[in-house]
Each structure stands twice: as structure tokens, then as C-alpha cells.
Amino acid sequence: MTDYPQFISPIVSELPEEGVLSCSAPSNIALVKYWGKRPIQLPENTSISFTLDNCKTTTILKYKRRNVVGEDFDFDLLFEGKPKPDFKPKIQNFLYRIQEYLPFLKQYTFMIETSNTFPHSSGIASSASGMSALAYCLVQLEKKINPDISDSELLQKSSFLARLGSGSACRSIEGPITVWGKHPYIDGSSDAFAIPFPFLVHQNFNNYQDTILLIDKGEKQVSSTVGHDLMHDHPFAAKRFEQATDNSTKLKEVLISGDLDAFIQIVESEALTLHAMMMTSLPYFILMKPNTLLVLQKIWEYRAATGSKICFTLDAGANVHILYPYTEKKEVLGFITNELVAYCQNGQYICDKIGFGAKLL
Ligand code: DP6
């Protein structure tokens, strides 16, 4: 029996024959990081993220009733217009995990057509936007079958299902700031789905900017599954999970008060801690590249020289996310083009900003 009966949709006899749905969902960037999970896809600590805007996946879901319902799911996949057999096992596994919540899945043949606004091998987490877009499409299909589902149930269920595809994906359904993982001082927070940050956010964070420097676009050295697993026997794991809870408490206050110096300290410390966890696991990894470090140094120099509120965060890779207030956009972009582009692979970077989550197109 599931722990989450509220997400099981009722079985109905009248199912739509066929149709097409199209949804988009963005990537997100964690401020307090999720690193460490327990089965199935439950986080060891609270994480808080900015939902992005431009970096997104668009998914077209074509569905058609099957004449004969088989044992297994029936789906095909096109990525940027071409068949992508290596994505299929991940989707198959996702459908398997969510089938008890969407009992109609095996009644349909699905064609899933997906494309990203950012280059696939850029190191930008495509699983967050991809899984959230697909989960959102499937819940939109459920709404056609079960129109009684309310908008808030629809969002929560999308986040719940997206989590079963990829943990961080649950934070991409809504925006501009979301919280995933139960936290004692954040009402409504849950390990099972993300919620929008439930307090009034200070205007300093309106339209906050994220410019992503593509330092190394190579294949991921460590998959996130392997990375999360490394936290199981990690000597510092318990302390790290405690620290993430404390940082979430502090970040909550900062998002309300608008204290950007405190914001910088929490966010940069979280990024470096994430990498410190990888450097101190067994096996150990260094996911930063020499250019990553040079960029971080430049950011610190620029901040010291100008009093700017620019700061960085990192994913489980070499790329650098530069976060800064909208009011500094012109100056910071000047700094990036003059001084940082030289450290990017093929001079590539992506300008993004805080955004609002998944959409039905
Ligand atoms: C470093 O969500 O990609 O980006 O649940 O295994 O799919 P899975 O992991 P994933 O992990 C993301 C880790 C991170 C930090 C974060 O986004 O919070």
C-alpha cells in the first residue's frame, strides 16, 4: 500500500480516445542543495531553488487508446525530432514508478516528443526540466479524465510524480522559488513534493538573474544517482544534512529580509559544500575544472572591487551559475563578456532568470 493514497487517481470507465497535449517546464538551480536520498526518491534534507525561465523542455504528448491493453507500457520517444533509444529505459522506469498513481497509463499508446531550449550536452540538468514537463503533461491528461482535480492538486501531483523521475525535477513545476523536503519552520513542506516558498519574498529577489557559464560541456563524470549514493557511507553525511536544514532556516529569513550579503554567504557555501562532499566521498571526484576556479576567483575580485552583490553557485559539474540582482544586469553582463567569457568552452554562456514553472501550451 502506498504512503500517498491522495495521489492515486480514481479509475474511470470513460477514457478519451486520442489527443495531443503540449507542455513546457524549466530547469531550476538549487540554492540549498539536495545531495543524498533514500528510497524511493526521498531527500535526506530540505532544498530550496530558483525556478529558471529560459532553460526549459517542451514536451508534446500524443496519446491514443490501445485496442488491446498489454502487460507493459507502450510508448515511443523523439528527442529534437529524432528517435532517442538511450532515453527510453529512464522513461520506462519513470512510468513504472508512477503507474499506481495514474492507473490509465497502460490503456494508451504514447508518443513523447521532447526538445530543450539549451544544448543537451551543456551540463544543464535536462532531467529536471524533462521529467517535470512529462509529469505535467501526464497530469494534464489526468485532468481530461478526471476534471474534478483542482488546480492546486494538479500542481502538487505533478511535482510528486516529477520527483519519482528525478528528485530535483519536483522543484520545476512551480516558481519563482520552491522548497522540497520537510522543514520544521516551513509550513506545508514535504519530502514527497515541492511547494512554492510560502512567505512573501523581498523585492531584492524580483527578476533575479542567473547567467550560466558553460565551462565544460563534456559528459557528466558522475551521474546524479551515483553521486547521491556516495552519501550513504559518507563520513560527513549526518553533519551535512543538519547543515542543509540550518542553511534552509537561514535562507528562509534572508529571502524574506532581502539581506543580499547573507544570501551570498549561504549560496556560495552550499555550492562549495556540495563539491566538498564529492571530494571527500569514496570514490572521490573533483568536478570543477581549472577554469571553474579561475571564474570563482574573478567573481570574488569583482565583488571586492565594486561592492556588487554578484555570487556563484554550482551544480554537480564544472559550469558556474552567476546569480545577481536585476538592478546590476548591465554592469554584470559587461563584466561577464569582458572578463569571464574567455573561460567558457567555445565562449558559451546562457542568460537566464528566475521564472514561474510549468505551463500548458
Ligand atoms: C547537485 O535531481 O539530478 O543538482 O534524483 O537522482 O535524479 P536524481 O538526482 P538529481 O540531483 C540534483 C543534484 C544537484 C543539487 C540540486 O539540484 O539540489
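Residue numbers run consecutively from 1 along every chain, following the written order of its sequence. For a predicted model such as this one, the threshold for reporting local features is a pLDDT of at least 70, and the threshold for listing and counting side-chain atom pairs is 80 or more; totals across whole chains, interfaces and linings nevertheless cover every residue. As a rule here, side-chain values come from all non-hydrogen atoms in the structure, and water together with hydrogens is ignored.

**Quick look at the nonpolar core**
Next up, step 1: Nine residue types can take part in a nonpolar core, namely buried Ala, Val, Leu, Ile, Met, Phe, Trp, Tyr and Cys, and a core is a set of them joined through side-chain atoms within 4.5 Å. Burial classification: accessible surface area is computed with a 1.4 Å probe over protein chains only, and a residue below 20% of its type maximum counts as buried, one above 50% as exposed, and the rest as partly exposed. One finds F50, I98, L105, F110, L138, L251 and F263 to be the most contacted residues of the largest nonpolar core, which totals 73 residues.
Next up, step 2: Here this core gets ten residues from one element, more than from any other, and that element is helix 2 (residues 126-145).
Next up, step 3: Annotation comment: domain bounds sourced from an automatic or database domain assignment. Residues lining this core come from more than one domain, with at least three contributed by each of domain 1 (5-199) and domain 2 (207-353).
Next up, step 4: Only heavy atoms enter the contact rule, under which two residues are in contact if any of them lie within 4.5 Å. Leaving out residues up to four positions away in the same chain, I98 has contacts with L105, L138, L161 and L164.
Next up, step 5: Residues I215, I310, V320 and F335 belong to the second largest nonpolar core, which totals 22 residues. Note on conventions: DSSP H or I runs of at least 4 residues are helices, E runs of at least 2 residues are strands, and numbering of each starts at the N terminus.

**Focus on unusual backbone geometry**
Next up, step 1: The omega torsion across P39 and I40 is -20°, close enough to zero to call that bond cis.
Next up, step 2: Summarising the element assignment, I40 is placed in the loop between strand 2 (37-38) and strand 3 (42-43).
Next up, step 3: Look at N207: it is not a glycine, yet its phi comes out positive at around 55°.
Next up, step 4: Exposure remark for N207: the relative accessible area of 30% places this residue in the partly exposed category.
Next up, step 5: Residues other than glycine seldom take positive phi values, yet N346 does so here, at roughly 50°.

**Examining the site of the ligand**
Next up, step 1: Nearness here has a simple test: a residue counts as near a molecule or strand if at least one of its heavy atoms is within 4 Å of that partner. Of all residues adjacent to the ligand, which total 15 residues, the nearest are Y34, K37, S166, G167 and S168.
Next up, step 2: Here a polar contact is taken to be a pair of N or O atoms separated by no more than 3.5 Å, where protein atoms must pair a possible hydrogen donor with a possible acceptor and residues adjacent in sequence count only if both atoms sit in side chains. Within the side chain of Y34, an N or O atom sits 2.6 Å from an oxygen atom of the ligand.
Next up, step 3: Within the side chain of Q41, a nitrogen or oxygen atom sits 3.3 Å from an oxygen atom of the ligand.
Next up, step 4: Under the convention used here, a 1.4 Å probe and the Shrake-Rupley method define accessible areas, while residue burial counts only the protein chains that appear. Burial of the ligand by the surrounding chains reaches 94%, relative to a free accessible area of 460 Å².
Next up, step 5: Residue composition of the shell around the ligand, by class: five nonpolar, six polar and four charged.
Next up, step 6: The two domains that each donate at least three residues to the shell around the ligand are domain 1 (5-199) and domain 2 (207-353). Each residue receives one of three labels: charged for Asp, Glu, Lys and Arg, nonpolar for Ala, Val, Leu, Ile, Met, Phe, Trp, Tyr, Cys and Pro, and polar for the others, Gly being one of them.

**Structural notes on helix 8 (residues 329-340)**
Next up, step 1: For helix 8, the full list of buried residues reads V332, F335, I336 and L340. Buried residues in helix 8, looked at end-on, bunch into an arc of 100°, giving them a common side. Projecting away from the buried face of helix 8 at angles above 90 degrees are the exposed residues K330 and N338.
Next up, step 2: On its buried face, helix 8 sits against strand 10 (209-213), helix 7 (290-306), strand 12 (320-324) and strand 13 (349-353). What the arc covers is the set of directions going from the helix axis to the C-beta atoms.

**Considering the side chain of T46**
Next up, step 1: Relative to the helices and strands, T46 resides in the loop between strand 3 and strand 4 (47-65).
Next up, step 2: The exposure class assigned to T46 is buried, which follows from its relative accessible area of 1%.
Next up, step 3: A polar side-chain atom of T46 sits 3.5 Å from the main-chain carbonyl oxygen of G181.
Next up, step 4: A polar contact is formed between the side chain of T46 and the backbone oxygen of K182, at a distance of 3.1 Å.

**Some details on the packing of aromatic side chains**
Next up, step 1: Stacked, tilted and edge-to-face are the three classes applied to pairs of Phe, Tyr and Trp rings, where Trp contributes its six-membered ring and a pair requires centres within 6.5 Å; stacked means planes under 30 degrees apart, edge-to-face means over 60, and tilted covers the rest. Evaluation of the coordinates by the stated rule reveals 17 aromatic pairs.
Next up, step 2: When the centroid spacing of 4.6 Å and the interplanar angle of 70° are considered together, the rings of Y34 and W180 count as edge-to-face. Placement of Y34 in the loop between strand 1 (18-32) and strand 2 and of W180 in strand 8 (residues 177-180) is noted, with a sequence separation of 146 residues between them. Neither Y34 nor W180 differs from the other in exposure class; each is buried.
Next up, step 3: An angle of 50° between the planes, with centres 6.0 Å apart, marks the rings of W300 and F312 as tilted.

**Here we look at the domain arrangement of the protein**
Next up, step 1: Parsing the protein into structural domains produces domain 1 (5-199) and domain 2 (207-353).
Next up, step 2: Placing a centre on the C-alpha atoms of domain 1 and another on those of domain 2 gives a separation of 26 Å.
Next up, step 3: Buried area counts how much accessible surface, traced with a 1.4 Å probe, disappears from two parts once they are put together, with both parts' losses summed. Between domain 1 and domain 2, a total of about 3200 Å² is buried, with carbon and sulfur atoms accounting for 67% of that surface.
Next up, step 4: If you sort the residues of domain 1 by the area they bury against domain 2, L31, K33 and W35 come out on top, with a joint share of 25%.
Next up, step 5: Whenever Lys or Arg places a side-chain nitrogen within 4 Å of a carboxyl oxygen from Asp or Glu, that contact is recorded as a salt bridge. Counting across the domain 1 and domain 2 interface gives one salt bridge.
Next up, step 6: Two residues, K353 and D53, come together in a salt bridge whose shortest N-O distance is 3.0 Å.
Next up, step 7: Elements supplying a minimum of two residues to the side of domain 1 that touches domain 2: strand 1 and strand 4.

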